[in-house]
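# What the coordinates show
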Amino acid sequence: MKSLGDDGAELRPLEPWQAEEFFAHMERGRDFIGEHIGFADAAKDLESARDLLQGYADKAAADVGRIFGIWLDDKLVGGVLFRIMDIPQGRVEVGCWLEPSATGHGLVTRAAGVLIDWAIRERGVVRVEWMVSSRNEASIAVARRLGMSRDGVLRSHHEYRGVRQDLEVWSLLAPEWESR
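Residues numbered from 1 in each chain as written. Predicted model: local features only at pLDDT ≥ 70, side-chain atom pairs only at ≥ 80, totals over all residues. Heavy atoms only, no water.

Tracing the backbone shows Pro-175 in helix α6 (residues 174–178). A relative accessible area of 55% places Pro-175 in the exposed class. Linking Pro-175 and Ile-37, residues 138 residues apart in sequence, is a C-alpha distance of 30 Å. (Helix = DSSP H or I, 4+ residues; strand = E, 2+ residues; numbered from the N terminus. Buried < 20%, exposed > 50% of the residue type's maximum accessible area, 1.4 Å probe, protein only.)

Below is the structure:
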């Protein structure tokens, strides 16, 4: 458990035994989260929510990914994750999501900063990536607040809910983080 400030926000590992709480959180924010994040579609019921969390537990055991919840006043309101951890190559991809009630408080920026700091200082990561739909202005704003640079756009990268998406690639290098 890691405090994210003096507003009662905490970052905690999100594990399979918390599937009911995770699913209830997805239900509260499904439409909002699902605009850009596939978790809303992946966690469509309790079993699939548990499977999603188990997948990240397996990734953590293999040291190739991790998932953390953001709790505000002891209520799960979002999360951050290492979607990809390639420690031998010194590269991670960070992702995030929030339910609507938790937006506007800097929670994702603070939580992602904790993950980035740990990856760089404890694991020796050199490059942190942030992949985001060009339509997801809030997530792009977080990348900017974290000091990331826009590497480019992968045009028409993938289909999401029947629409082709441009994917922006943002990154931060360890020396840039350390000089902040």
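This brings us to the sheet that holds strand β1 (residues 2–3). Pairing within the open sheet is mixed, and its eight strands lie in the order β1-β2-β3-β4-β5-β6-β8-β7. This sheet does not close on itself; its edge strands, each paired only once, are β1 and β7 (149–160). Sheet topology places strand β6 (residues 127–133) next to strand β8 (residues 163–173); seven bridges connect them, and they run antiparallel. Bridging across to β8, Trp-130 finds its partner in Trp-170. Helix α5 (residues 137–145) contacts β5 (91–98), β6 and β8 of the sheet and is inclined by roughly 160 degrees relative to β6. (Pairing = 2+ DSSP bridges. Contact = heavy atoms within 4.5 Å. Axes fitted to C-alpha atoms, helices over the stretch in contact; angles between N-to-C directions.)

The next point concerns the packing of aromatic side chains. Following the criterion strictly, the structure yields five aromatic pairs and no others. Relative to Phe-39, the ring of Phe-22 has its centre 6.3 Å away and its plane inclined at 80 degrees; by these criteria the two rings are edge-to-face. Highlighted residues: Phe-22 in helix α1 (residues 19–34) and Phe-39 in helix α2 (residues 39–42), separated in sequence by 17 residues. Relative to Trp-118, the ring of Phe-82 lies with its centre 5.8 Å away and its plane at 35 degrees, an arrangement referred to as tilted. One end of the pair, Phe-82, is in strand β4 (residues 75–86); the other, Trp-118, is in helix α4 (residues 107–123), and 36 residues separate them in sequence. Linked through ring pairs, Phe-22, Phe-39, Tyr-56 and Trp-97 together constitute an aromatic cluster. Above the plane of the ring of Trp-71 lies Arg-12, whose end atom (NZ or CZ) is 4.6 Å from the centre. (Phe/Tyr/Trp six-rings, centres within 6.5 Å; stacked < 30°, edge-to-face > 60°. Lys NZ or Arg CZ within 6 Å of the ring centre and 35° of its normal.)

In this section: unusual backbone geometry. Of note, Asp-63 is a non-glycine position whose phi angle comes to about 60 degrees, a positive value. On the secondary structure map, Asp-63 appears in the loop between α3 (46–61) and β3 (66–72). Classification of Asp-63 by relative accessible area gives partly exposed; the value is 25%. Although it is not a glycine, Ser-156 adopts a positive phi angle of roughly 45 degrees. Counting through the fold element by element, Ser-156 comes out in strand β7.

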